[in-house]
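# Commentary on secondary and tertiary structure
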Amino acid sequence: TLDHSFHAVSPKMKSLLQGVIRNQTLANSYLFVGHHATLPKELMRFFAMSINCESPTKAETGACGQCRSCRIYDSGNCVDVIDIEEPSIKIDHIRSLWDRIKHGPSDFSKSIVLIHHVNRLTVQAANAFLKGLEEPPDNVIFLLSAFSSQSVLPTIQSRSQLFRLPRLEEAQLQ
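The text that follows walks through the structure, step by step, so that each part is easy to find.

Rules of the game
- Sequence positions are assigned chain by chain, starting from 1 and proceeding in written order.
- This being a predicted model, a pLDDT of at least 70 is required before a residue's local features are given, and a value of 80 or more before pairs of side-chain atoms are given or counted; all residues contribute to the totals for chains, interfaces and linings.
- Each side-chain value is worked out from all heavy atoms of the structure, with water and hydrogens disregarded.
- Strand pairing is assigned whenever DSSP identifies at least 2 bridges connecting the two strands.
- Comment: elements are numbered from the N terminus, with helices defined as DSSP H or I runs of at least four residues and strands as E runs of at least two.
- Here, axes are lines fitted to C-alpha atoms. For helices the fit covers the stretch in contact, and angles between N-to-C directions go from 0 to 180 degrees.
- We call two residues in contact whenever any of their non-hydrogen atoms come within 4.5 Å of each other.
- By the criterion applied in these results, polar contacts are pairs of N or O atoms within 3.5 Å in which, for protein atoms, one can donate a hydrogen and the other can accept it, and in which residues neighboring in sequence qualify only through two side-chain atoms.
- Classification of residues uses two cut-offs on accessible area relative to the type maximum, computed with a 1.4 Å probe and protein chains only: under 20% is buried, over 50% is exposed, and between them is partly exposed.
- Every crossover in which the path from the first strand over the helix to the second runs clockwise, viewed with the strands pointing away from the viewer, is termed right-handed.
- Orientation labels follow simple angle bins: below 35 degrees gives roughly parallel, above 145 gives roughly antiparallel, 65 to 115 gives roughly perpendicular, and whatever is left gives oblique.
- Ten residue types, Ala, Val, Leu, Ile, Met, Phe, Trp, Tyr, Cys and Pro, are classed as nonpolar, four, Asp, Glu, Lys and Arg, as charged, and the remainder, Gly among them, as polar.

With parallel pairing, five strands are arranged side by side in an open sheet as S2-S3-S4-S1-S5. Two strands in the sheet have a free side with no partner beyond their single neighbour: strand S2 (81-84) and strand S5 (161-164). When strand polarity is set aside, the average angle formed by the axes of neighbouring strands in this sheet is 15°. As paired strands, strand S1 (residues 29-33) and S5 are joined by four bridges and run parallel to one another. Bridging across to S5, phenylalanine 32 finds its partner in phenylalanine 163.

Right, here's the structure in full:
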């Protein structure tokens, strides 16, 4: 949702991602690297909502919060946004993911897959994920996060646009 956590996301990072959307230069995969205090989860959700916003030019935040897409996203009931956050991401999670996205989005122009802590993929899950990431569907965007780029397989890094997130000061988090 467009709550207070989005306001803590770095204005520089918001501006950079808004430029990507405005210029229609979306990559298939983005890797956000940073400690949890850099707000990767909030940034990924901000970006996910902004990608499918139908009125991005009306909003300073990147997503208007009012259009049909923003309302669906904000409700938390969007089938086109898949959010994976598990202590260990297993091959069954990835198989389920590929089954869900193979037919394309139903509510949005793009399906968005958020994988928090992509470094938690088991070996089998990483291999299954890489097969799809090598030839990603046109209508799917992967938003991945990790605390450290060294903990992410080099092949995942090479297929993703990397963003290193600056650590936020305590005052920015309030």
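Let's pick the thread back up.
Relative to the helices and strands, tryptophan 98 resides in helix H5 (residues 91-101). Put simply, tryptophan 98 and alanine 128 are 30 residues apart on the chain and 9.3 Å apart in space, counted from C-alpha to C-alpha. Beyond its immediate chain neighbours, meaning those up to four positions away, tryptophan 98 contacts Ala128, Phe129, Gly132, Leu133, Pro137 and Phe142. A polar atom in the side chain of tryptophan 98 sits 3.3 Å from the backbone oxygen of alanine 128.

A few words now on the pairing of strand S3 (residues 111-115). Taken across its five residues, S3 has five buried, putting it largely inside the fold. Residues of S3 alternate between two faces, with Ser111, Val113 and Ile115 on one and Ile112 and Leu114 on the opposite face, all of them buried. Judged from the four bridges that link them, S2 and S3 form a sheet pairing that is parallel. Each bridged residue has a counterpart across the sheet, and for valine 81 the counterpart in S3 is isoleucine 112. Remark: the S2/H5/S3 crossover connection has right-handed handedness. With five bridges joining them, S3 and strand S4 (residues 140-146) adopt parallel strand pairing. If you follow leucine 114 over to S4, its bridge partner there is leucine 143. On the question of chirality, the crossover connecting S3 to the parallel S4 by way of helix H6 (residues 123-134) is right-handed.

Following both chains from N to C, one finds H5 and H6 inclined at 25°, their axes separated by 7 Å at the closest point. Taken as axis vectors, H5 and H6 run roughly parallel relative to one another. Contact with H5, carried on its side by Ile91, Ile94, Leu97 and Trp98, involves Gln124, Ala125, Ala128, Phe129, Gly132 and Leu133 of H6 and no other residues of that element. Residue composition of the contact of H5 with H6, by class: eight nonpolar, two polar and no charged.

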